[in-house]
Amino acid sequence: MSSEEKEDCECATPQAESSPARGPERENEEPDTENPEASRMKRAAAKHLIERYYHQLTEGCGTESCSNSWCASSLGFSRMDNNAAAVKALELYKVNAKLCDPHPSKKGTASAYLEGSALCNRKMNHRDVHAVRDNFKDVSYLTEEKVYEILDICGEKKDYSPLIRVIGRVFSSSEGLVQSFRRSKPHTKEELKSLQGKDEDKDEDEKEAAACSATAMDEDSPTSSALSRLGEGSSGENDVQKLAPDEVSVDIEAVRRVYERLLSNEKIEAAFLNALVYLSPNVECDLAYHNVYSRDPNYLNLFVIVMENSNLHSPEYLEIALPQFCKAMSKLPLAAQAKLARLWSHYSAEQIRRMMETFQQLITFKVISNEFNSRNLVNDDDAVVAATKCLKIVYYANVLGGDLDVENNEEDDDEPIPESSELTLQELLGEERRNKKGPRVDPVETELGIRTNDCRQPLISFEEFVNEPLNEVLEMDKDYTFFKVETENKFSFMTCPFILNAVTKNLGLYYDNRIRMYSERRITVLYSLVQGQQLNPYLRLKVRRDHIIDDALVRLEMIAMENPADLKKQLYVEFEGEQGVDEGGVSKEFFQLVVEEIFNPDIGMFTHDERTRLFWFNPSSFENEGQYTLIGIVLGLAIYNNCILDVHFPMVVYRKLMGKKGTFRDLADANPVLCQSLKELLEYEGSVEDDMMITFQISETDLFGNPLMYDLRENGDKIPVTNDNRKEFVTQYSEYILNKSVEKQFKAFRRGFHMVTNESPLKYLFRPEEIELLICGSRNLDFHALEETTEYDGGYNKDSRIIKEFWETLHLFSEEQKRLFLQFTTGTDRAPVGGLGKLKMIIAKNGPDTDRLPTSHTCFNVLLLPEYSSKDKLRERLLKAITYAKGFGML
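Residues numbered from 1 in each chain as written. Predicted model: local features only at pLDDT ≥ 70, side-chain atom pairs only at ≥ 80, totals over all residues. Heavy atoms only, no water.

Engineer: Before we go on, may I ask you to explain the overall build of the chain in this structure?
Structural biologist: Broken down by element type, the chain carries 41 helices and 12 strands. Looking at the chain residue by residue over its 891 residues, the buried ones come to 51%. The long-range share in the chain, meaning contacts at least 24 apart out of those at least 6 apart in sequence, stands at 76%. Surface accessibility of the chain: about 43,100 Å² in total, with carbon and sulfur atoms responsible for 48%. (Helix = DSSP H or I, 4+ residues; strand = E, 2+ residues; numbered from the N terminus. Buried < 20%, exposed > 50% of the residue type's maximum accessible area, 1.4 Å probe, protein only. Contact = heavy atoms within 4.5 Å. Areas by Shrake-Rupley, 256 points an atom, 1.4 Å probe, with all protein chains shown as cover.)

Put into structure tokens, the structure is as follows:
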């Protein structure tokens, strides 16, 4: 033992030297509740026996060839580390195992122990008490008052080393930290015994004697830690029964005040840093192997206390301390993660942002300080993965703490989406499908009982959780593989979609769609071999340009009825009488033409608001539900085939597609005039009933302008709207406009959409606003970004005369002319997800000066540009080409 350990052992009680033969008597004795002194002595004796077992396991008795198998001096004894020895010592004490007598060379320690214990039983003089208090070796956990007491004493002496030692001891010990900064409440004597391992009677003599007994073993020794852990297990269980799901037993405000006072001192701050380095590996081990949280839920206090350190994001922590702590925190079980999220959801936006920035800074630091590539994947970096898992807890705290709407959910479809009539690949091979169909759900969401889409307004914006440096180095093909395989030893960032930007998630969705297409293709080939039938591996549509709606929708309706699985095949469109081969460009034009026809107000399926330029379902449309189902299929196919559509829906449509009903708040986007009227009704200070004279009956017009009446409540025409029920009126009105009036049309539309996307990770990865971006593309057309990323072929380069003149001409085009150019070159007038900078356009030389017009391969975004002799001729030829472009031919 070290000299410090010997000094600590000098305060044992004489009874501790009892013979092991008395073990059975010890088990049969009943606790002496009447005599506190006797009870204290028994505890001291038990503590000393456990220590003797511990020293026997670690040092041995000193006798050569000892016959005791649980003695380090015996032959064949397997050495164990201190933690294992401490746990084993407790077990040996419980079963009354054999205890060796110390060898004469070891008896000096025992006699010193006895002499010291006699001194402890006598009342200590004032000088002894002061010495102990100045050393603070008896402090095994901290309170706000104790910290200030030590700080004052250190301030008087201008020596902060005692406080630094106490912080190092407590903050490096999981047991000490878990017990620290508990919320004040009246404790019973039994609770104090379990928390502190000693009595705290009002009599000063007994306090001093108990303090001396507590120092019988060093607080930092593994034996003492194990004892503390047992005590916490019993007390923690009782504490949790009294706590709400979003409460912990730590006094968070006290922790913040302590950090505020101590972190200004650089030496004390270093103590926190060093303690965290020592603490984290032990915590990780406790959570990974000892299942400590299930035994003591108060273990969560440790993470709450550490995360209140406002300096965690400083450079000193980023190298070792914070990565190790994140790895420990990532081992928290699901229930503990959910509780932390509930607790942190009550924090302010500034506190959530601080924690978010702490983990984001670690991720960014690790990304930029390493060279990640396809061989050195960022997925294999433990620190980045652990920090991302910790960031997920903060993310859901941000969601929980925001403006939630968990009630207004769309009902599931009455009829399940029809399964494929064909056999699956697994069934053909005699295997069952491993993964059932249906969207993936994050387990944390399930534990919390919320979804990201339930949050209307988070505490801090979702965009702040995106880490751009990580997105730049992420190998999405590899990450998607890990996402689908779901192995424990490979982490996929797609399981934490909040950290990915829309471009990266879109790439993951692209891989998912393509692999599903290839899978359907393989199944078709195998099916044809088994059945002997020749089947089409593609979703082939042959349409007439003048009858595109009739041809396309009839064909899609047949497929949806006969075999919906064919909708997941790769789309191949052929225009009758045209020679174009569909490598993507023909499909783009097909979707564009279909959308133009469907949303034509003359058809009457959708209404168009001239003010907002948005479309909405026509509640009095003559079209049947099947037509809306087919439109939903078209929208799903556009996503599935990576095509952008020029559709203009209000955001509430995408929220409804993701399972949320429309509410009054959505009217601001869908019908701003009505929203403003209802808002004025809510804010009206006069008498609503007398001044406005409105009832719970509303009117609307059909296609022919005829008024239609609808009662928001039964006999609504007889129920006046008053100041008391106007909120109900507004809620019911919004419910009718956004949900009930278009219920049939929207359900059919959603059903068609889900026919294509039901097995896709679409709902798992994207929020409603990102779904809109996915379908419609970006509205921001930055042609300078396009110029930066464009490549050249056939003899052109960025310094060629014609290329310089081309970009000068294009930048001078009007907004409408620029959209026509995009339509001509790429097949759509919208920018892809991420903007035009993500569009890979190629300008290739198409011969010398000529009168021919420029041409394009929309499948590959290639512009074939002759080398015109002048800038004016270039402008004239280009404008004519983009203005009158329609149809496909072979070049």
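Engineer: For this particular structure, what's the right way to read the packing of aromatic side chains?
Structural biologist: The description of an aromatic ring pair rests on the distance of the ring centres and on the angle between the ring planes. Under the defined criterion, the tally for this structure stands at 33 aromatic pairs. With a centroid separation of 6.3 Å and an interplanar angle of 85 degrees, the aromatic rings of Phe 465 and Phe 498 are classed as edge-to-face. Linking Phe 465 in the loop between β2 (455-457) and α24 (468-473) with Phe 498 in the loop between α25 (476-485) and α26 (502-531), this pair joins segments that are 33 residues apart in sequence. For the pair formed by Phe 465 and Phe 498, the shared burial category is buried. Counting every residue linked through ring pairs, the aromatic cluster contains Phe 599, Phe 606, Phe 615, Trp 616, Phe 617, Tyr 628, Phe 649, Tyr 654, Phe 746 and Phe 749. The lysine or arginine in question, Arg 256, covers the ring of Tyr 347, its NZ or CZ lying 4.7 Å from the ring centre. Over the ring of Phe 696 we find Arg 713, and its NZ or CZ is 5.1 Å from the ring centre. (Phe/Tyr/Trp six-rings, centres within 6.5 Å; stacked < 30°, edge-to-face > 60°. Lys NZ or Arg CZ within 6 Å of the ring centre and 35° of its normal.)

Engineer: What's the story with a nonpolar patch on the surface in this structure? I'm lost.
Structural biologist: A cluster of nonpolar residues, Val 525, Leu 529 and Val 530, forms a patch on the protein surface that exposes about 300 Å² of accessible area. The topology assignment puts Val 525 in helix α26. (Patch = residues over 30% accessible without salt bridge, like charges linked within 9 Å, V, L, I, M, F, W, Y side chains within 5 Å. Salt bridge = Lys/Arg side-chain N within 4 Å of Asp/Glu carboxyl O.)

Engineer: Can you help me understand the environment of Leu 571 in this one?
Structural biologist: Tracing the chain through its elements places Leu 571 in strand β4 (residues 571-575). Spatially, the C-alpha atoms of Leu 571 and Leu 541 are 7.6 Å apart, while their sequence positions differ by 30 residues.

Engineer: Looking at this structure, how should I read the packing of helix α7 (residues 144-157) against helix α8 (residues 161-171)?
Structural biologist: The axes of two packed helices give the description: the angle between them and the distance between them. In contact at an axis separation of 8 Å, α7 and α8 are set at 150 degrees when each is read in the N-to-C sense. As far as their axial angle goes, α8 and α7 are roughly antiparallel. On the side of α7, the interface is formed by Ile 150, Leu 151 and Cys 154, while α8 contributes Pro 162, Leu 163 and Val 166. Along the lines of polarity and charge, the residues of the contact of α7 with α8 split into six nonpolar, no polar and no charged. (Axes fitted to C-alpha atoms, helices over the stretch in contact; angles between N-to-C directions. Parallel < 35°, antiparallel > 145°, perpendicular 65-115°, else oblique. Nonpolar A, V, L, I, M, F, W, Y, C, P; charged D, E, K, R; others polar.)

Engineer: Is there a simple way to think about unusual backbone geometry in this case?
Structural biologist: With a phi angle near 60 degrees, Asn 642 is a residue other than glycine that sits in the positive phi range. Examined against the element boundaries, Asn 642 turns out to sit in the loop between α29 (625-640) and α30 (651-657). Classification of Asn 642 by relative accessible area gives partly exposed; the value is 41%. The phi dihedral of Met 693 is positive, around 50 degrees, even though this residue is not glycine. Along the chain, Met 693 falls in the loop between α33 (688-692) and β7 (697-701). The exposure class assigned to Met 693 is exposed, which follows from its relative accessible area of 66%.

Engineer: Please explain the confidence of the model for the chain as it appears in this structure.
Structural biologist: Scored by pLDDT, the chain comes out at a mean of 79, with 79% of its residues at no less than 70. Under a pLDDT of 50 for its full length, residues 191-241 has, in the predicted model, 107 contacts with residues more than four places off or in other chains. Throughout residues 419-437 the model reports pLDDT below 50, and contacts reaching past four residues in sequence, or to other chains, amount to 29 contacts. (pLDDT = per-residue confidence, 0-100.)

Engineer: I tried to follow the pattern of salt bridges on my own but got confused; where do I start?
Structural biologist: Once their charged atoms are close, side chains differing in charge can pair, the charge on each being opposite to the other. Tallying each qualifying case throughout the model produces 36 salt bridges. Here Lys 88 makes a salt bridge to Glu 91, at a shortest N to O gap of 3.2 Å. Placement of the pair is Lys 88 and Glu 91 together in helix α4 (residues 82-94), with a separation of three residues, close to one helical turn. In this structure Glu 91 comes out as partly exposed when scored by relative accessible area, which is 38%. A salt bridge links Asp 551 to Arg 544; its shortest N-O distance comes to 2.9 Å. Residue Asp 551 is classed as buried on the basis of its relative accessible area of 17%. One network of salt bridges, in which partners are shared, links Glu 463, Lys 505, Arg 767, Glu 769 and Glu 770.

Engineer: What exactly am I supposed to notice about the sheet that holds strand β12 (residues 862-865) here?
Structural biologist: Strand pairing in a sheet takes place through backbone hydrogen bonds and is either antiparallel or parallel in direction. As summarised here, the arrangement of the four strands in space is β9-β10-β12-β11, forming an open sheet in which the pairing is mixed. Both edges of this open sheet fall to β9 (791-793) and β11 (855-857), since each of them pairs with a single strand only. For this sheet the average axis-to-axis angle between neighbouring strands, irrespective of direction, equals 25 degrees. Pairing analysis gives four bridges linking strand β10 (residues 842-845) to β12, with the strands arranged parallel. (Pairing = 2+ DSSP bridges.)

Engineer: Would you mind showing me how to read the packing of helix α19 (residues 334-344) against helix α21 (residues 382-400) here?
Structural biologist: One can describe the packing of α19 onto α21 by two numbers: an axis separation of 8 Å at closest approach and a directional angle of 45 degrees. When the axis of α19 is compared with that of α21, the two are oblique. Taken as a pair, α19 and α21 cross one another with a handedness that is right-handed. Across the interface between the two elements, Gln 337, Leu 340, Ala 341, Arg 342 and Trp 344 from α19 touch Ile 393, Val 394, Tyr 396, Ala 397 and Leu 400 from α21. (Left-handed = near helix turned anticlockwise from the far one by under 90°.)

Engineer: Would you take a moment to explain the nonpolar core for this structure?
Structural biologist: Buried together is how nonpolar side chains tend to be arranged in soluble globular proteins. Counting 186 residues, the largest nonpolar core has Phe 171, Phe 303, Trp 344 and Phe 590 as its most contacted members. If we skip the residues at most four places from it in the chain, Phe 171 touches Leu 142, Leu 177, Phe 181, Tyr 259, Phe 272, Ala 275, Leu 279 and Ile 305. Listed in part, the 26 residues of the second largest apolar core include Ile 802, Leu 810, Ile 843 and Leu 863. (Core = buried A, V, L, I, M, F, W, Y, C linked by side-chain atoms within 4.5 Å.)

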